[in-house]
Every structure is written in C-alpha cells, then in structure tokens.
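# Structure assessment
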Amino acid sequence: MISAKKLIPLFAAAVLAVILSFTASADEVISAPGGGVSDYDGLIAALGGDGAVFVKKNDDGKVLYITLRADIKLEKPIHLTEGEYFLSGAGVTVTAAFDNDSMIIVGGEKKAALAVGNAESTENDSIIFDGGSDSGRSTEGPVFRVSSGSELSVYTGTVIKNCLTTVCGAAVYSEGTVAFYGGTVENCRSTGSGGAFFNKGKLFLTGGSISGGSAEFGGAVYNEGTADLIGTGISACTATKGGAVFSSGTLNFTSSSVTGCKAGEGAGVYSSGNVTFVGGQITDCVSTGNGGAVYNSGNAAFSGTYFSDNSAQNGGTLYNSSTAEISDGSMYSGTAASCGGNIYNCGNSSLAVSGGSIGRGKAVYGGGIFNLGTLTVGGGGFTLNKAEAGQAILNAGKLIFNRFPYIDAKNDVFILSGHPAEIESEMKAELIAVLTPGTENSGVYSPLYSEDAVLIDGEFAAISYVKFKISPDGENEWILSFDGRISKKLPVYYSAWFWTVIVAVYAALIAGTVFAVRLYDKKRKAPGKAAKA
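None of the values given here were measured: they were computed from a predicted structure.

The rules behind each value
- Residues numbered from 1 in each chain as written.
- Predicted model: local features only at pLDDT ≥ 70, side-chain atom pairs only at ≥ 80, totals over all residues.
- Heavy atoms only, no water.
- Helix = DSSP H or I, 4+ residues; strand = E, 2+ residues; numbered from the N terminus.
- Buried < 20%, exposed > 50% of the residue type's maximum accessible area, 1.4 Å probe, protein only.
- Contact = heavy atoms within 4.5 Å.
- Areas by Shrake-Rupley, 256 points an atom, 1.4 Å probe, with all protein chains shown as cover.
- Salt bridge = Lys/Arg side-chain N within 4 Å of Asp/Glu carboxyl O.
- Pairing = 2+ DSSP bridges.
- Phe/Tyr/Trp six-rings, centres within 6.5 Å; stacked < 30°, edge-to-face > 60°.
- Lys NZ or Arg CZ within 6 Å of the ring centre and 35° of its normal.
- pLDDT = per-residue confidence, 0-100.

## Here we look at the overall build of the chain
Counting its regular elements, the chain contains four helices and 58 strands. By the burial criterion, 52% of the 533 residues in the chain qualify as buried. In the chain, 70% of the contacts between residues at least 6 apart in sequence involve partners at least 24 apart. Summing over all exposed atoms, the chain offers an accessible surface of approximately 22,600 Å²; the carbon and sulfur share of this is 53%.

Below, the structure is given as structure tokens:
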C-alpha cells in the first residue's frame, strides 16, 4: 500500500496546479488518449500531455507526482502495467468516451500501484471520476480495476460518481489491495454484485462515504476477501441481499454507520462469512424479508454497536441462522411484522447474549427475541419490548440462563410446552424473569396454564426457582416449585403449613391455660397451709 507520507508533497503540487489552471478556460475539456502505461512519461501522455497536467520533478529530472489541472475525457482506458504512480487533482473531472471498459486498470501480469488524491484536501484540489450514468452511459467495467498483487489508494478529495456497470463493482473491482481514506462514492450501480466495491482481495475503507449504490448483492460493498470498514458512512443503498454490504469473506465493521438502506434480506449487512461489529451504528434499514439490520448465516460477533429503528418480516434487527454472540451494544426499536422484533434465532442456530441492551422491540411473537435454536442469556438487559406472546423472549427451542441476566418484570418470557429453560449456574439476581407457559397450534402461540407443566430444569433449578415468577392467569395465581413445575397458588387455609401453625397455636393455648390453672390453684392453697402451721 502506498504510504501517506509519500503524498504530503501532493498537497503543495495541487495548490500550484490550481494557480496554473487559470491559464486555461474553465469549460475546456482535454481529450486524453489513454493507453498502456509503464512509466510517468507514459502516464503524462495518456492523461493528455502537458496541457492537462502539472508535473513535479526532482533535481535529477525524475517525476515525483502529477496533478491534473484540466478536465479530461479518456478515449481509451489507462492501463498501468507496472510501476508506482501518484495522481492528484485541481478541482477537475475525468470522464470517458468509451462504454466497454474501465477508466483505469492497475496492474496485470506485473504489479502496479496508484495513489489518487491528497492526504490533505480542499474543495479546489479534488479529482472527480464521473461515470456518466446520469447522461445514459453504461460501462462493461468499473471505474478502477485492480489486479491481484497490485494496489490502489484513494485519498480525501477524490469523488467517484454516476457509475453503472453490467458486471461487478461499478466504482472499484479489485483482486488486489484497495484503501480509501476519506473518498466519496455516490450513485454507483451494478446489475451484478457490489454497487460501489467488489472485493476479492483486501479492502480498507477508512472514513469517507458511499451513498445511492445498488446491486443484486451488496448495494455498496460486495466482499469475498477481507474488508475493514472503519468510520465509513453508507446510506441509501439497495440490493436483493445486503443493502449496504454483502460479505462471504471476513468483514470488520468498526465505528462505521449504515442508514436508510433496503434489501430483501439483510438491509444493512448480509454475512455468510465471519463478521465482527465494534461500535458504530445501523439505523433505519428496511428488509422485505429477514434481517432488518443484519442477516447472519456465518459467524457474527457484536460489541458496542447501536441498532435502532430497523424492520423486517422476521428479525427486525438481527436474523441469525448460524452462530452469533452479543457482548455489548444496543438493539433498540426493531420491528418485525411476524417474529423477533429485535432478533430471530433460527433452529439449529446458536445465539449467546452476555451483555448489551435489547429493548423496545415489536413483533407478533417474541418482541425481544424469537428463539427456535439455542439461546444462552447470561447478561444484558431486556426492557420495553412488546408482543402478543413473549415480550422479552419467546422460546420454542433451547433456552439457557446463567450468570446475571436482567429481564424487566414487565417483559415476560414465553416457554413453549416441552421446551423448559435450563438453569446452568447459580444466579444472584432477585428476579430473573417472569415466565408464561404456552402452546403452539398452526403457528399461533398462546398461553396455556396446566398443573405440573415444567418451565425450568437443569442442575441449578432447585436453588433458583424462587427467582422466577409466573405471569398471572386471569384470577388465578401460579407458583413455581423447586422441581421446575407450576401449580396454582391456593388460598392460605388450603395449605398444610397453615394448619400446622393453627394446631401449634391451639396446642400452645391449651398448654398455657392448663399451666395458668395449676398456678392459680397452687397460689390459692398456699395461705391456708401457712395458717395451719
């Protein structure tokens, strides 16, 4: 990857280029021939020659960097076959006169590297790559194509926009290494995969923004390799799967934001590989199918990410069909038209919640979590979720409680008959959960209270049963026994201990009366004995 230190001189060059650019007409567009490039002289010629660029050389005459100082229209693609190049702009635009290839190809049989933009940038030293889709142009290739082993670095001030491709990655298709440091990508669309980026190698997106992208898979980013999104903003992107990002490789989502994206599955992120969420947020995303914010069919870990106001048919925030862990963060205000306001955990899937908050979810069943697989709750908090059955959790799979979960007393846990919650460890909370026994018929979940129904089991059930309450059944009250079974709470005079106390009190009263009588008689006879003596 090209070092940012090497780009520092570009800033000075760009400033000088702005001054020089006033010598040409503001409306002038220079025709640039493009073609194969193996050195700086070739790149200067491909960009249109001295009339289009400012060239900075060292004392030995070696080119250090090039700054575009006029708008250019490429007649053919520029193909960097080898070498390392630095290109900045002076408030200029690059377009293409052809429809069947990329604007710039980096590498091929040999490795090449290109850095575009400036480490420091102003409005007047930007460079814009305009694909022309707003004027009806469609390309068979992306703006940039990066071969395996080659590198593309894009810095602040670089804009890629209005790209439309019938293949993959309208802005960048890469099998090599691509790093974006604050660039902007907007209105880039693909009829294949990756509205903006298609990555088979290594992709680093640090800062910058992507908006208005669309594709079949990954409205902004399609990843088969390794992708790191750090502080990147993605908005208003759409896809069939992965409105913002589709990843079958390794995805690290760090302090980034996704908002207002749409998809059939996974409106924010669709991952079938490994994904880690650390910080950042995903909000206001809509899925017409499953997973309003995230659809996970691989391995997912969540820590400190904020989710809010996402919606789907199932799993308003997260739809998990594989393995997921939540250790921190907030999943709020997810809405599901059917099940799992915030989370839907599929059968044969595993979800562990050890921290964070799951709240304000809304669904028909399972306002917080709808569980068909294995759900372990060892921490975190459930509050203000709403559902017809299972406000906090609807368990129709395997539910495990351990450590110290917090489930608000106003959010019940629905336990489907035959699926008792397993108590895996001793827990210190005074109240773990309010349980509702229930049944299912043709997809309809409803409460069903019956004597001896088992709601909890496991090694620590016998010492934890007092920490659970049973939701009321009309006028009836139910209690949980040490063996995990429920029974009606009878009036006090029906209980054995009540009569035991009554008998004990009665016996005490009789014994006390007898004692008092004997004591009285003893005192009454005592004076007579004294007189006789």
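Having put the structure on the table, let's press on.
## A word on the pattern of salt bridges
For the structure on display, the rule yields three salt bridges. The residue E82 makes a salt bridge to K110 at a minimum N-O spacing of 3.8 Å. One end of the pair, E82, is in the loop between β6 (78-80) and β7 (83-89); the other, K110, is in the loop between β9 (104-106) and β10 (112-116), and 28 residues separate them in sequence. What makes E82 partly exposed here is its relative accessible area of 30%.

## What to know about the environment of E216
By the element assignment, E216 lies in strand β21 (residues 214-217). For E216, a relative accessible area of 35% puts it in the partly exposed group. If we ignore the near neighbours within four places in the chain, the residues touching E216 are S190, T191, G192, A239, T240 and K241.

## Side note on the pairing of strand β51 (residues 412-416)
Counting buried positions along β51 yields five of five residues, so the element is predominantly enclosed. Burial of the side chains of β51 extends over both faces: D412, F414 and L416 are buried on one face and V413 and I415 on the other. As judged from the three bridges shared by strand β48 (residues 393-395) and β51, these two strands associate in the parallel manner. The partner of L394 across the bridge, within β51, is F414. Looking at chain direction, β51 and strand β53 (residues 433-441) are connected through five bridges and run parallel. Looking at the pairing, F414 lines up with T436 of β53.

## As for the packing of aromatic side chains
Applying the stated criterion across every chain, the model contains 23 aromatic pairs. Their ring planes at 65° and their centres at 5.8 Å tell us that F302 and F307 sit as a pair that is edge-to-face. Exposure class is identical for F302 and F307. Each is buried. Ring plane angle 65° and centroid distance 5.1 Å describe the contact between Y365 and Y445, whose orientation is recorded as edge-to-face. With Y365 in the loop between β44 (357-359) and β45 (369-371) and Y445 in strand β54 (residues 444-447), this residue pair connects regions lying 80 residues apart in the sequence. On the basis of relative accessible area, Y365 is assigned to the buried category, the value being 10%. For Y445, a relative accessible area of 13% puts it in the buried group. Seen from the ring of Y173, R145 lies directly overhead, with NZ or CZ sitting 4.9 Å from the centre.

## Examining unusual backbone geometry
Not every positive phi belongs to a glycine, and S333 is a case in point at roughly 55°. Mapped onto the secondary structure, S333 falls in the loop between β40 (330-332) and β41 (335-339). At D452, a residue that is not glycine, the phi angle is positive and equals roughly 70°. By the secondary structure assignment, D452 is in the loop between β54 and β55 (456-457). Residue classification places D452 among the partly exposed positions, given a relative accessible area of 47%.

## Some words on the confidence of the model for the chain
Per-residue confidence for the chain averages 90 on the pLDDT scale, and 86% of its residues sit at or above 70. Low pLDDT, under 50, characterises residues 529-533; the predicted model gives this stretch zero contacts beyond four residues in sequence or across chains.

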